[in-house]
Amino acid sequence: MKHKLEDSSSPSQEKAATRPKRSTRRWLVGLALSVLAILFLNAQSESYIICSKSRNIYTVDPANLRVECVSIRGSRVLQVGDYASLVGKRDLLSRFTGHLPSWIVANMRVAPRIVQVGENSVVVPGLADAHAHIIDNGYMRQLPLMGSKSVEEVVNRIKAYILSHPDVANDATRWIEGMGWDQTKWPGAQFPTAADLDSDPLLKDKLISLSRVDGHARWVSPAVLRLMPDLPEKVEGGLIVRDGHGKPTGIFVDNAMSLIPTPPWTEAQLSEFFDMTIKEALSFGLTSIHDADTKLDHINLFQKIADAGKLPTRLYLMGNVASKEYWGNQIPRLINYGKQARLNLRSVKLFADGALGSWGAALLEPYSDKPESQGLMLSSKETLEKLVQQFWKDGWQTNIHCIGDRANHAILDIYENILERSGGNVSEWRPRIEHAQIFAPEDLKRIGRLGVIASVQPTHATSDMWYAETRLGSSRIKGAYAYQTLLQASPRGVLPLGSDFPVEGVNPLLGFYAATSRLSVDGSSPHGSAGWFPEQRLTREEALKGMTLDAAYASFAEDEIGSLTPGKKADFVIFDKDIMTIPANQILQAKVVATVVDGQAVYGVL
């Protein structure tokens, strides 16, 4: 009997023996909570809240245009709002940690840190350059000719380059290449000649090739001309400038530049040019660059950098192959490519005409200062239409260089045919005209009606304003550099802004200042201190949107970047001055405190 009683009580006794004591259970629950807290706090360790007591955070988000604080978690914007609402949540978290074991609290960051910007500082979304040339900018830096005021100054710069490069001085086979000369800034405003590059004994017999500031003309030395004894009389879409006896002067315009036998760049050179440009771009607050003529070897380099996870800024490439036959199958389609998902290639770059400064922009009527010329169409309208049709069918965005009113008219005809007769969807395709510089009045209206994106460069207006009216005349100039008109015509209110660097400077504030003031950096213009055609100025809010959200839209990225909106990528820039309110003549004095991509500072410190 005793044995049976023991048997009947055995299960409950065993159950009691295996049940943890109450104090043990509390300890286990506490440990579980602690582990969860560690995981939670670890997630918060890459978080911070950036605040401006003066509410100088401009989001470019219509729902919250100007805020006091933005909270960042990892690579994304978490919330925007006022200090009390965002930082109050952090304080609540701090109170919760009072219940955690001291060894956890001692080793964990309790809550997101607060980054307070200066009272006069400003935070804006990461700035984009919607039209630039990354490799060319680095190339230009090896022998920069920007700002040269005469042929003599160019010669002196080349001499200084040779003297500082003994390897070049002692090797007659080495090419000397530079970029940036602009004859419109010189006495007489005429093209230079090859003989000018033989005027000094140090330069004599050197292989010299110098690109004009816009990249649409090259000036070569007599030694280079001797390498090309059998030049054609004419070049389709190009010009070999000749003297009164029919001899080449040493200037090659647009497609004729391909005749010059300059050696191709090596991968080491491309890498060096890339590094030089990106370092400069980050120091000025650029978090995104639309590269507006990306060759195959450039694409290969960018892919390698992206594969290595060493792309510090976002790149949107416009692929280009120098061919009049369809080449869309020669370039890769890249969407958020690479370890950091910062490389994109879904657009192509085509060229309709040349540039105004070299009389190469294609005009409907002759140049006012060169009545024998209407400029150059680099390809026939038929060739361009065939290419654009196929690129559209294959799903490539097309971005086409158009300066003159004849080029813009021809491309709008092509776009109109696709959008209104072939079933093209403008919001899916997003065709662009790069530069969109000179329009006939009816085409200023038509580009808006079609919804074609005008991608413009405000510094072109302030660089060209000293000679543009001489080229175009008083009537035609009214349809040129018409940025406010183009913005108002756009059905989406989109006007992406770029620089075309190295044609202009890399600093995006140069474009911001030019767009909003229509003045040169010294505060002057042909129309006085109010600016050149001041009715075409953009407001500062419009200019900022053009450098952020509009550029994002033009690259299919408006859902990811372009504004400080919850859920978007945490790309932003801190300036030490409020560029949105300070006097215009102080805008270019603003310096970047930090450039942030994916929530991490890639220039400066947070």
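Described below are features of the structure shown in this document. (Residues numbered from 1 in each chain as written. Predicted model: local features only at pLDDT ≥ 70, side-chain atom pairs only at ≥ 80, totals over all residues. Heavy atoms only, no water.)

1. Observations regarding the packing of aromatic side chains
Applying the stated criterion across every chain, the model contains 15 aromatic pairs. On the numbers, 5.6 Å between centres and 80 degrees between planes, the contact of Phe191 with Trp359 is edge-to-face. Linking Phe191 in the loop between strand E9 (175-181) and strand E10 (207-212) with Trp359 in the loop between strand E17 (343-351) and helix H11 (381-393), this pair joins segments that are 168 residues apart in sequence. Take Phe191 and Trp359: they sit in the same class, and that class is buried. Between Trp327 and Phe391 the ring centres are 4.8 Å apart and the planes differ by 65 degrees, which places this aromatic pair in the edge-to-face class. With Trp327 in the loop between strand E15 (314-319) and strand E16 (334-337) and Phe391 in helix H11, this residue pair connects regions lying 64 residues apart in the sequence. Here Trp327 falls in the buried class, since its relative accessible area comes to 1%. (Phe/Tyr/Trp six-rings, centres within 6.5 Å; stacked < 30°, edge-to-face > 60°. Helix = DSSP H or I, 4+ residues; strand = E, 2+ residues; numbered from the N terminus. Buried < 20%, exposed > 50% of the residue type's maximum accessible area, 1.4 Å probe, protein only.)

2. Description of the nonpolar core
Among the nonpolar cores identified, the biggest contains 131 residues, and Ile158, Leu210, Phe274, Leu356 and Phe575 are the most heavily contacted of them. For this core, the element with the most residues is helix H12 (residues 405-421), which contributes eight residues. Ignoring any residue separated from it by four or fewer positions in sequence, one finds Phe274 in contact with Ile134, Ile135, Leu301, Phe302, Ile305, Leu311 and Leu315. (Core = buried A, V, L, I, M, F, W, Y, C linked by side-chain atoms within 4.5 Å. Contact = heavy atoms within 4.5 Å.)

3. So, the side chain of Arg218
Within the secondary structure, Arg218 sits in strand E11 (residues 217-220). On the basis of relative accessibility, which here comes to 14%, the residue Arg218 falls in the buried class. At a separation of 2.6 Å, a polar atom in the side chain of Arg218 contacts the side chain of Ser209. With near-sequence residues (within four places) excluded, Arg218 lies in contact with Tyr139, Glu177, Trp181, Ser209, Leu210, Ser211, Gly250, Ile251, Phe252, Met257 and Ile260. (Polar contact = N/O pair within 3.5 Å; in protein donor to acceptor, adjacent residues only side chain to side chain.)

4. Observations regarding the sheet that holds strand E6 (residues 113-116)
Read from one edge to the other, the open sheet built from four strands follows the order E5-E4-E1-E6, with strand pairing classed as mixed. Bordering the open sheet on either side are strand E5 (76-81) and E6, each of which pairs with just one other strand. Put simply, the sheet's adjacent strands are angled 25 degrees from each other on average, direction ignored. For strand E1 (residues 47-51) and strand E4 (residues 69-73), the ladder comprises five bridges, and the chain directions are antiparallel. Bridge pairing links Ile50 to Val70 in E4. (Pairing = 2+ DSSP bridges. Axes fitted to C-alpha atoms, helices over the stretch in contact; angles between N-to-C directions.)

5. Comments concerning the environment of Leu317
Residue position: Leu317 is located in strand E15. When the C-alpha atoms of Leu317 and His131 are compared, they prove to be 9.8 Å apart, with 186 residues separating the residues in sequence. Among all residues touching Leu317, those that are not within four sequence positions of it are Asp291, Thr294, Ile299, Phe302, Leu343, Asn344, Leu345, Arg346 and Ser347.

6. Focus on the environment of Arg66
On the secondary structure map, Arg66 appears in strand E3 (residues 66-67). Judged by its relative accessible area of 37%, Arg66 falls in the partly exposed class. Distance in space between the C-alpha atoms of Arg66 and Leu564 is 10.0 Å, their sequence separation being 498 residues. Beyond its immediate sequence surroundings of up to four residues, Arg66 is in contact with Ser54, Arg55, Asn56, Ile57, Tyr58 and Asp578. One polar contact links Arg66 to Tyr58, side chain to side chain, over a distance of 3.5 Å.

7. Regarding the packing of helix H5 (residues 134-142) against helix H9 (residues 267-283)
For the pair H5 and H9, the least separation of the axes is 7 Å and the interaxial angle reads 95 degrees. Comparing their axes, H9 and H5 come out roughly perpendicular. In contact with Ile134, Ile135, Asn137, Gly138, Tyr139, Arg141 and Gln142 of H5, H9 contributes Leu270, Phe273, Phe274, Met276, Thr277 and Glu280. The class makeup of the residues in the contact of H5 with H9 is seven nonpolar, four polar and two charged. (Parallel < 35°, antiparallel > 145°, perpendicular 65-115°, else oblique. Nonpolar A, V, L, I, M, F, W, Y, C, P; charged D, E, K, R; others polar.)

8. Regarding the pattern of salt bridges
A complete count under the given rule lists 28 salt bridges for this structure. For the salt bridge of Glu177 with Arg218, the shortest nitrogen-to-oxygen distance reads 3.9 Å. Taken as a pair, Glu177 in strand E9 and Arg218 in strand E11 lie far apart in primary sequence, 41 residues in all. Side by side, Glu177 and Arg218 carry an identical accessibility label, which is buried. Note that Arg449 and Glu420 form a salt bridge whose closest N and O atoms lie 2.7 Å from each other. You can see Arg449 sitting in helix H14 (residues 441-450) and its partner Glu420 sitting in helix H12, a full 29 residues away along the chain. Of the residues examined, Arg449 reaches a relative accessible area of 49% and is grouped as partly exposed. (Salt bridge = Lys/Arg side-chain N within 4 Å of Asp/Glu carboxyl O.)

9. Examining H14
Along H14, the residues that are buried comprise Asp443, Leu444, Arg446, Ile447, Gly448 and Leu450. On its buried face, H14 sits against H12, helix H13 (426-429), strand E19 (432-435), strand E20 (453-455) and helix H17 (483-489). Downstream of H14 by one or two residues, Gly451 has phi in the positive range, about 80 degrees.

10. Focus on helix H16 (residues 468-476)
Within the span of H16, buried status applies to Ala468, Arg471, Leu472, Gly473 and Arg476. Along its buried surface, H16 packs onto H12 and helix H15 (458-464).

11. Considering the pairing of strand E13 (residues 248-254)
Burial runs high along E13: six of the seven residues are buried. In this sheet, E13 lies alongside E11 in antiparallel orientation, the contact comprising three bridges. Directly across from Arg218, in E13, lies its bridge partner Phe252. Sheet analysis places strand E12 (residues 238-242) next to E13, joined by four bridges and oriented antiparallel. The residue bridging Leu239 from the neighbouring strand is Val253, located in E13. The turn linking E12 back onto E13 is made up of five residues, and Gly246 within it adopts a positive phi angle of 85 degrees.

12. Some thoughts on the sheet that holds E9
Pairing is mixed across the open sheet formed by five strands, whose spatial order is E9-E10-E11-E13-E12. With one partner strand each, in any of the chains shown, E9 and E12 form the two edges of the open sheet. For this sheet, the mean inter-axis angle between neighbouring strands, taken without regard to orientation, is 20 degrees. Across the sheet, H5 touches E9, E10 and E11, and the angle it forms with E9 is around 110 degrees. Along the sheet, helix H6 (residues 151-163) contacts E9, E10 and E11; its crossing angle with E9, the most-contacted strand, is approximately 140 degrees.

13. Some thoughts on the state of the cysteines
If you walk through the whole model with that rule in mind, you get one disulfide. Each disulfide pairs two cysteine sulfurs, and for Cys51 the partner residue is Cys69, the sulfurs being separated by 2.1 Å. Here the disulfide of Cys51 and Cys69 is right-handed, its torsion about the S-S bond being about 115 degrees. In this pair, Cys51 is assigned in strand E1 and Cys69 in strand E4, connecting sequence segments 18 residues apart. Note on accessibility: Cys51 and Cys69 belong to one class, buried. (Disulfide = S-S within 2.5 Å.)

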